[in-house]
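Results of the structural survey
The lines below spell out each chain.
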Amino acid sequence: HDLTCIQEPFLNIVGLVNASNLRCFWDVIYPTNHHSNHEQSQTILLVNKKLSKNNWHIIPLNTPNIMAIKIHGDFRKVHIYKIY
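Presented here is an overview of the structure given in this document. Along each chain, numbering runs from 1 in the same order as the chain's sequence is written. Reporting of local features is limited, given that this is a predicted model, to residues whose pLDDT is at least 70; pairs of side-chain atoms are given and counted only at 80 or more, and all residues count toward the totals for whole chains, interfaces and linings. Heavy atoms throughout the structure, all of them, feed into the side-chain values; hydrogens and water do not.

1. As for the pattern of salt bridges
Oppositely charged side chains can pair when the atoms bearing their charge come close. Should a side-chain nitrogen of Lys or Arg be within 4 Å of a carboxyl oxygen of Asp or Glu, the pair is scored as a salt bridge. Scanning all chains against the criterion turns up two salt bridges. Ionic pairing is found between aspartate 27 and lysine 49, a salt bridge with its closest N-O pair at 3.0 Å. Placement of aspartate 27 in strand E2 (residues 26–29) and of lysine 49 in the loop between strand E3 (43–48) and strand E4 (56–58) is noted, with a sequence separation of 22 residues between them. Relative accessible area serves as the criterion here: at 9%, aspartate 27 is assigned to the buried category. Think of it in three bands: residues with accessible area under 20% of the maximum for their type are buried, residues over 50% are exposed, and the middle band is partly exposed, with areas taken using a 1.4 Å probe on protein chains only. Since its relative accessible area comes to 41%, lysine 49 is described here as partly exposed. Salt-bridge contacts for aspartate 27 lead to lysine 53; the nearest nitrogen and oxygen are separated by 3.5 Å. Of the two residues, aspartate 27 is situated in strand E2 and lysine 53 in the loop between E3 and E4; the sequence distance between them amounts to 26 residues. Take lysine 53: its relative accessible area is 54%, and that puts it in the exposed class. Three or more residues joined by partner-sharing salt bridges are found here, namely Asp27, Lys49 and Lys53. Put simply, DSSP H or I for four residues or longer makes a helix, DSSP E for two residues or longer makes a strand, and each gets a number counted from the N terminus.

2. Describing the sheet that holds strand E1 (residues 3–7)
Pairing within the open sheet is antiparallel, and its three strands lie in the order E1-E3-E2. If you trace the sheet from one side to the other, it starts and ends with E1 and E2, each paired once. Strand-to-strand twist in this sheet, taken as the mean axis angle between neighbours without regard to direction, amounts to 20°. For two strands to be treated as a pair, DSSP must find no fewer than two bridges joining them. In this sheet, E3 lies alongside E2 in antiparallel orientation, the contact comprising four bridges. Each residue of the ladder has a partner; that of aspartate 27, found in E3, is valine 47. Only the stretch in contact is used when fitting a helix axis, every axis being a line fitted to C-alpha atoms; angles between N-to-C directions are given from 0 to 180 degrees.

3. Focus: the sheet that holds E4
Here we have three strands laid out as an open sheet, ordered E4-E5-E6, and antiparallel in their pairing. Edge strands, defined here as strands with exactly one partner in the open sheet, are E4 and strand E6 (76–83). Pairwise comparison of adjacent strand axes, ignoring direction, gives a mean angle of 20° for this sheet. In this structure, strand E5 (residues 66–73) lies alongside E6, joined through eight bridges in antiparallel fashion. Bridged to lysine 70 within E6 is histidine 79.

So, in C-alpha cells, the structure goes:
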C-alpha cells in the first residue's frame, strides 16, 4: 500500500503517535493544525516512503477531522480526502 488512513489514532502524552517502528516505512502526516489546535486530532495519514515526496503534497485544511493529500504521477493527479 502507498497510503494508509487511520481513524482515532492513539496519541502519546506529547500528542504524537508511537510510530518509531513505522517511520522506516511510512511518513506520518498529521492534520494541518495538529500542533496548534487544542482539539485532539481524530485522523492521520501514513504515506509509504517508496512514494517520492516530489509526487505528493498535503492540502492544508483547518480541522482535526479532515485531511487531504494530492498525489501526482504518470496517472496525472488525484486528490484524496480523509473525513472522520
